[in-house]
Structure formats: structure tokens, C-alpha cells
Amino acid sequence: MSNVTILGNPKRRSRFDPDLARKVTEEYEIEERKNLLKKKKAPEINPPSPQQSDVRADIKGEVYIRVPNSKVVISRNESYQGLTWENTHYALADNGLFMPTPSLFMPYLIQVRDASQGKITLYTADNKPVPRDEAEDLWKSLSSGHKGGCWTWLDAKFSENKNVWKITYNHKTVQKGKDNSLEGITETLEDCIREDCFVDLEFNKQGLPTRRSQDQTYTQGENIYYWHPIEGRVAGFVAYSSRANLGCDRLLSDSSSALGVFACAECTSKS
Amino acid sequence: MQHSMVGDRGTGKTQLVRDIYNFYFRGNKAEEGEGIFIRAHPEIDVYNEIFTELDIERAKRKLTGNIDALIYVVDELNRAPTVAQNQFFGIGDGIMDYQGRSILLGREGYRLLMATANLGNGTFQGTFETDEALHNRLHVTLDLDYEMFKPTIEDKLRIRHRQSVNPNVKEAKMRDISDKIIAASKEISEKALDPGIEASAVASYIEFGLDNCMKNQRKGRVWPLDCQGCPHNADANAICSYIRSPVERTMQAMIKYAAALDFLAKLKNPDQDTDAVELMFKSFELTGAYQSLLNPMLLRQDYIDQNPKFIAAVVEKLKEDFRSNEDFILSSVEQAKNGNRVVTFFDNNGVLGDHDRLPTNLRSKYSKIEPYNDNRQIGLGWVNNYVNFLMEMNKGK
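Residues numbered from 1 in each chain as written. Chains lettered and ligands numbered in written order. Predicted model: local features only at pLDDT ≥ 70, side-chain atom pairs only at ≥ 80, totals over all residues.

Trainee: Is there a simple way to think about the overall build of chain A in this case?
Mentor: Along the backbone of chain A there are four helices and 10 strands. Buried positions account for 43% of the 271 residues belonging to chain A. Put simply, 57% of the contacts in chain A that link residues at least 6 apart link residues at least 24 apart. (Helix = DSSP H or I, 4+ residues; strand = E, 2+ residues; numbered from the N terminus. Buried ≥ 20, exposed ≤ 12 C-beta atoms within 10 Å, placed from the backbone. Contact = placed C-beta atoms within 7 Å.)

Structure representation (C-alpha cells):
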């Protein structure tokens, strides 16, 4: 509708906030996560381990899990809590680590589910099989409020220009003079769901969902809630008592003592 | 848009239309003007007197140039019998039937019918009732006896002063600005086609909301008789008993008149802010007063047949009701246009959110507000249909 044909001067300030449901949900998630974390033991800080052959020496073998079909290991625990999205990147980079992209994390989520059901076996960074009860434990914390659930950053930033949507990922720290900045790979957003809804665990190459759930209620292991990409926002993943969310609408400036990252490291050879 | 001026003798009805006739359309077509002035009388024959003339050579009637006049004034409309008044339907519709063809009146889609009439309240001899269908074609009726439209004391003093200088009726200067009027009319018509979310919402509220009846679902033919003894009108002050929904022609006139008011406000001052909701309700007040929408019993008993006064009071109440639901209605419409169905709400510190988007575990924490139902005097159930319609339209895009 063009402005030319609108009657009156539209300047109404609506009391309606289309994002309010998300905001109150997020506030609730933060609160619940904080409460759960109070009960949870602080995550183990990884001491250096010189025994690894294809992972860096400071990666503790049993804490990191090999992400199947990749050259990446990912920590079982979150770390670097309390930082914004950008500062999390910098902190990880300072330690030779990186933030998982949705394209890495979402398939990993499914693999953890499958491992918890005994369909596949996960391996630790030091090549030991992850026992099924440990896989179940990990799965529950990634899909419910078990042991405090999770609340983690993911490496994806969304932008829009003239109706063309882009995703930027694989961010690396670039030093420009005294300042650091982040640079990543930018590409056009592939077909994915563009509404806030429950989605099946089917993802495109960029790690974004491609199918809306028929049943718009949470079924652990079958679907997750999805907040679709918003211009200038970044991705994050949350699991708490009532559901798990992939949010592509997170503010870069968010920070919380409960918000961290599943740190990742490169292997030297494919496992 | 067609207008009528009603009122007592000497209220200036004829003077006003004559001023418009002369000052904007340069008077009679026969004298290089754009208008036709018809004084109604019991034997009036518009077809033969105005639009056709006898072609003596061919011995048959032919069209006159009067069909492309831009303003048709019918003075003392109800001095013609009700049956004879039917002849003015064609002018109201902008069409005249001639030898099996429909001839469009006016030029470039524009023509203006202005009628003057006594109120037909029986106090004047020699006057007739005006047909409801003709009233429906006279979109805006100004009652010059009504406080809002009658001359102020200052106006009267000026008129008296002028008359003391020259006792004859002062005629307006002859001037033709019809090209500007046609251009403005086109712009207003375009604006009325797509008046925006707020104006459309008010139009739907009036059209569908006023048709709601808590007792019979729709008002229908039993309104307003069924309002007496209705359990929802126990105190005899239910707004649904005051007024019914306008017909489509009045709806169109209302939107167009609101667009015209907006146009005029901006013409006088391009920086003037206007409020679509105010414009629409004011337009309804002006276009609906004489469209047989008001409860005739209340009109007679409580308002002594003063339609403008009654409708002004009703519109004030309607506007208040609309304003109290405006945030819900406009948010739903806006969201539907973006492809989102929002029909339930929750309130979080004065900010409204979509209750359906809350996760299940939070739904009980926030009270669910469901404003769109017909279990109220002015129905809001139509918003559900409107949202569904907009969603369908959005899918089509």
C-alpha cells in the first residue's frame, strides 16, 4: 500500500509488540536457566592433555566429542559464559578454539539424539566410545532442562539488503591496528522456514530448518522451536524444561552468566 | 457525492447551493456555465424539460447538451410529489435512460447533485415526503437548522449589515473552477479506493459491528422492534438499539467523504495532521444521519426528529468503543497483512503480545485476551473473518 492513498497521517503508536512473546519467553528461559545453573556443578575447565594425536595438546580428550563426518571436536560442556557474541568469538580465538555454526551444531544435535538411542556411537577426542548413558545424559541436556539444559551461541549472523537475505559464518578474528574485528564467509540464505514455529529436525546446508512441524507442540527428539532470522541478529541455541529453541533472532549484545558456548577445535585428520 | 440541504424556510439552503452553483461552476449551462438549476414543482418532467428536446424536422425527441452539466441543483425537491421525485434517481446515480441506452451524466465521471428540501415534518403545506431510496442517493444531508450548520450570531449580524446596505440577495461572483474540482474529485476517489488500515478498520467496524444483535445474531427486519424487552437492553440504553448498519452505497459515500475531508484539510494546510479514525467517524456522522439508520422511535421520543443531534451522540459512543479496541483491531489487521494471524493477546506491563505465540508453559501465566466476539453490543466477531480474508489475500501475493 503506498502512502499516497492512505487516509490521514498514520502515526499511531501501537501498544502491540509482535516480538513480545519471544521476549517474555527469553526472559523466562534466562531466569529458569539461572535457577537451574545454581543447582548445577560448574563446568569443568579443560586442562591441557599432551596425549592427543590429531587434536591440539590443550584439548582434554574425554571432554571433547568428535562431531561425526567432520574434522571438528566439540566440548560436552559450555564455557566462556557471560560474554557477548563478538567477545565470545574473540575469547575462543585467543585459545585457538571457535564457535560452532548452525551447520555443524544442528546435525551434531541429531547425532547426539541418535547416540542416545543406540543408533550410532559417538567418540571422544581421544577416540574412546562415548557410553550410551553418557550420550543420553548429553542429549537430555541439549533437549530439555536436564542438568540446567543449555544456552549457547552459534556462529551465524543474518543480514538483509533489498530483500536478499545473507548468512555470515566461520567468523575469524582479524586484527586491524590495535582493534580486532570479525570477518566471515557470507552467502545467500538457502531456502529455510521463515516464520516462528516448531520445526522438524531437518536442516539445510546452512543448518537452518526446512520443514515446519505438523504438530505445533514440542516433542523431544522430533522437533524444536525456531525463531526465524532477523536482520542484524545472530544465532543461538537453548534447551530448557519445556522445549529446545534454535533462535536466529538473538541480539549480539546479549550476555548472561548462563549464556556460553560449546567450544570447538579442529582435528588434524578426519575421525 | 450528492448533497441535500434541509431546514426551515429562510435558513439559507437555496442561497448556499446557488453560491456553489455560481462561484464554482459559473451558473447555468445556457450562459457558459456548467450547471442546471431545476426548481421542483408538482408537474415536473425532468426527461422532457431538461434532458431532451423536440427535433421538429425528425419529429422526435433528441438529447440536449444538459447531459454533460457538472452540477444539477434541484431546489425545493419535496415540492414535487414523491412519485415525481423518482425522476431524480437517475441524476443521483449519474445515469439517464434514453432510447434503451444508459447515458452517463456529467463529465470525466464527475457530476454533483445538490437538492434543497424542507424537512417534511408536516409543518409546511404543499410539500411531500422524500423517498428513502432517493435519500440514500443524497449522500450528505446538511440540516441547516442544526446547531453545527446554522449561521452563528456573527454570521447573522454580517448578513443583516449587508442587507442594510443592499436589501437584495447578494449573488456570488460567477467563476468556473470545474477543472480543478474534477481533478480533486479524481484524487479523492483514488484515495477512497485504498484508504489505509485505520480507515478500513473503522469502515468494517461500522458495517459489520453495527449489524450485530446479541439476541438474534443479525439485526434484520425485527430491529428495532425486538429491542424492546431485549434482555441485553434492559436499561433501554444499549447502543445496538440506537443504530443499524448502513447499506453499501452509504458505506462507499462515507469512505469517499472521509477522503474528501482529508483532502480539504491538506488543501488548506499541507502540514495539517489528520486522524483517519476521526475522519471516518465524522464522515459517518455526516453521511449517515438521514439514511434511516437511527432507531425511529428514539429519534422521535428523545431527539424530537433531530437526526444530526442523535447521530452525533451515537457516533461519539461508537468512537469511544472503537478506540478502546483500536490497539487490538489495528494490530491484528497489520499483522494479517504481513501474513501473521494474531487474534488473541496478552498484556505485559501495558504492552500487548500475541498469546498464541507463547510457549505452552507460559500461557497460563498471562491472561488470554480474546477481543473478537459478538457477545457485545457492537460486534467484533468480524475481525476474525477480516484477518482470515487478509491472510488469504496475502497468500495470493
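Past the structure itself, the notes keep going.
Trainee: Explain unusual backbone geometry to me, please; I cannot follow it from the model alone.
Mentor: Negative phi is the rule for most residues except glycine; trans is the rule for most peptide bonds. Here the residue pair B:Trp223 and B:Pro224 is connected by a cis peptide bond, since its omega of 0° sits within 30 degrees of zero. Considering the arrangement of structural elements, one finds B:Pro224 in the loop between β11 (217-218) and α9 (248-268). If you check the backbone angles, A:Tyr80 has positive phi at about 55° while not being a glycine. Along the polypeptide, A:Tyr80 turns up in the loop between β2 (72-75) and α2 (85-94). Although it is not a glycine, B:Asp305 sits at a positive phi angle of roughly 60°. Of note, B:Asp305 is situated in the loop between α11 (296-303) and α12 (307-337).

Trainee: Would you mind going over the sheet that holds strand β3 (residues 150-161) of chain A with me for this structure?
Mentor: Through backbone hydrogen bonds, the strands of a sheet pair up, either in parallel or in antiparallel fashion. All names here are of chain A. In spatial order, the strands read β5-β4-β3-β8-β9-β7-β6; together these seven strands make up an open sheet with mixed pairing. Single-partner strands in this sheet number two, and they are β5 (179-188) and β6 (197-200). For this sheet the average axis-to-axis angle between neighbouring strands, irrespective of direction, equals 35°. Direction of pairing for strand β4 (residues 164-176) relative to β5: antiparallel, over a ladder of nine bridges. In the sheet register, lysine 166 faces β5, and the bridge partner there is threonine 188. Sheet strands in contact with helix α3 (residues 102-116) are β3, β8 (234-240) and β9 (243-250), and its direction is about 135° off that of β3. Each of β3, β8 and β9 is contacted by helix α4 (residues 132-143), which is oriented at about 115° to β8, the strand it contacts most. (Pairing = 2+ DSSP bridges. Axes fitted to C-alpha atoms, helices over the stretch in contact; angles between N-to-C directions.)

Trainee: Teacher, can you tell me more about the interface of chain A and chain B here?
Mentor: A common way to report how large an interface is uses the accessible area buried once the components associate. Opposite the 22 residues of chain A that make contact, chain B presents 32 residues. The class makeup of the residues in the side of chain A that touches chain B is 10 nonpolar, seven polar and five charged. (Nonpolar A, V, L, I, M, F, W, Y, C, P; charged D, E, K, R; others polar.)

Trainee: When you look at the nonpolar core in this model, what are you seeing that I'm missing?
Mentor: Core analysis: the biggest nonpolar cluster contains 98 residues, and B:Val202, B:Ala258 and B:Met280 have the highest contact counts within it. With 10 residues, the top contributor of residues to this core is α12(B). If sequence neighbours within four positions are ignored, B:Val202 has contacts with B:Val277, B:Met280, B:Phe281 and B:Phe322. By size, the runner-up hydrophobic cluster in this structure holds 65 residues, among which are A:Val112, A:Leu138, A:Tyr226 and A:Ala235. (Core = buried A, V, L, I, M, F, W, Y, C linked by C-beta atoms within 7 Å.)

Trainee: Could you clarify how one ought to interpret the pairing of strand β8 (residues 112-117) of chain B in this entry?
Mentor: Here is the key point about a regular strand: its side chains alternate between the two faces of the sheet. All names here are of chain B. Judged by how many residues are buried, β8 sits mostly within the fold: six of six residues are covered. The alternating pattern of β8 places Leu112, Met114 and Thr116 on one face and Leu113, Ala115 and Ala117 on the opposite face, and all of these are buried. In this sheet, β8 lies alongside strand β1 (residues 3-6) in parallel orientation, the contact comprising four bridges. Bridging from a neighbouring strand, histidine 3 pairs with methionine 114 of β8. Direction of pairing for strand β5 (residues 71-75) relative to β8: parallel, over a ladder of four bridges.

Trainee: Mind showing me how you'd approach the sheet that holds strand β2 (residues 35-39) of chain B here?
Mentor: All names here are of chain B. Spatially, five strands are ordered β2-β5-β8-β1-β9 in an open sheet, and the strand pairing comes out parallel. The open sheet is flanked by β2 and β9 (140-143), the only strands paired with a single partner. Ignoring strand direction, the axes of neighbouring strands in this sheet form an average angle of 15°.

Trainee: Would you mind going over the pairing of strand β7 (residues 223-227) of chain A with me for this structure?
Mentor: Residues and elements named next belong to chain A. Of all five residues in β7, five are buried; the element is thus mostly enclosed. Burial along β7 is two-sided: the face carrying Asn223, Tyr225 and Trp227 and the face carrying Ile224 and Tyr226 are both buried. Note that β6 and β7 share four bridges and pair antiparallel. Bridge pairing in β7 places cysteine 197 opposite tyrosine 226.

Trainee: Would you mind going over the environment of B:Asp19 with me for this structure?
Mentor: Position of B:Asp19 among the secondary structure elements: in helix α1 (residues 13-25). We classify B:Asp19 as partly exposed; it has 15 C-beta atoms within 10 Å.

Trainee: Would you mind going over helix α10 (residues 276-288) of chain B with me for this structure?
Mentor: Note on helix geometry: an α-helix contains 3.6 residues per turn, so any two residues three or four positions apart are oriented the same way. All names here are of chain B. Taking 1.5 Å of rise per residue, 13 residues should cover 18 Å, and α10 covers 17 Å from first to last C-alpha, within 8% of that figure. Most of α10 is tucked away: 11 of the 13 residues are buried. In the core, the buried residues of α10 are packed alongside β9, α8 (197-209), α9 and α12. (Expected span 1.5 Å × (residues − 1).)

Trainee: Could you clarify how one ought to interpret the confidence of the model for chain B in this entry?
Mentor: Close inspection of predicted coordinates is inappropriate for parts of the model with low pLDDT. Residue and element names in this part refer to chain B. Of the residues in chain B, 96% reach a pLDDT of 70 or more, and the chain-wide mean stands at 89. For chain B, per-element mean pLDDT is lowest for helix α5 (residues 132-137), which scores 78, and highest for strand β10 (residues 212-213), which scores 96. Reported for the predicted complex are a pTM of 0.68 and an ipTM of 0.74. (pLDDT = per-residue confidence, 0-100.)

Trainee: I keep staring at α4(A) and nothing clicks. Help me out?
Mentor: Residue and element names in this part refer to chain A. Relative to the 16 Å expected for 12 residues at 1.5 Å per residue, α4 spans 16 Å between its end C-alpha atoms, a close match to the ideal helical length. What α4 keeps buried is the set Ala135, Leu138, Trp139, Ser141, Leu142 and Ser143. Next to the buried residues of α4 lie α3, β3, β8 and β9.

Trainee: Just checking my understanding: could you explain the packing of helix α7 (residues 178-193) of chain B against α9(B) for this structure?
Mentor: In a pair of packed helices, the angle between the axes and the distance between the axes together describe the arrangement. Residues and elements named next belong to chain B. It is the contact of α7 with α9, at a shortest axis distance of 8 Å, that shows an interaxial angle of 120°. Relative to α9, the element α7 is oriented oblique. You can see that α7 and α9 cross each other, and the crossing is right-handed. Contact with α7, carried on its side by Ala184, Glu187, Ile188, Ser189, Lys191 and Ala192, involves Ile255, Lys256, Ala259, Ala260, Asp262 and Phe263 of α9 and no other residues of that element. (Parallel < 35°, antiparallel > 145°, perpendicular 65-115°, else oblique. Left-handed = near helix turned anticlockwise from the far one by under 90°.)

Trainee: Even after reading the chapter, I still don't get the packing of α10(B) against α12(B), so can you show me in this structure?
Mentor: Residue and element names in this part refer to chain B. The contact between α10 and α12 brings their axes to 10 Å, and the two run at 150°. In terms of axis orientation, α10 runs roughly antiparallel to α12. The handedness of the crossing between α10 and α12 is right-handed. In this structure, α10 uses Val277, Phe281, Phe284, Glu285 and Gly288 to contact α12, whose residues at the interface are Ile311, Ala312, Val315, Leu318, Lys319 and Phe322.

Trainee: How should I be thinking about the environment of A:Val234 in this particular structure?
Mentor: Residues and elements named next belong to chain A. With respect to the helices and strands, the residue valine 234 is situated in strand β8. The sequence separation of valine 234 and glycine 247 amounts to 13 residues, and the corresponding C-alpha distance is 8.0 Å. With residues near it in sequence (within four places) discarded, valine 234 still touches Trp85, Ala156, Lys157, Arg250 and Leu252.

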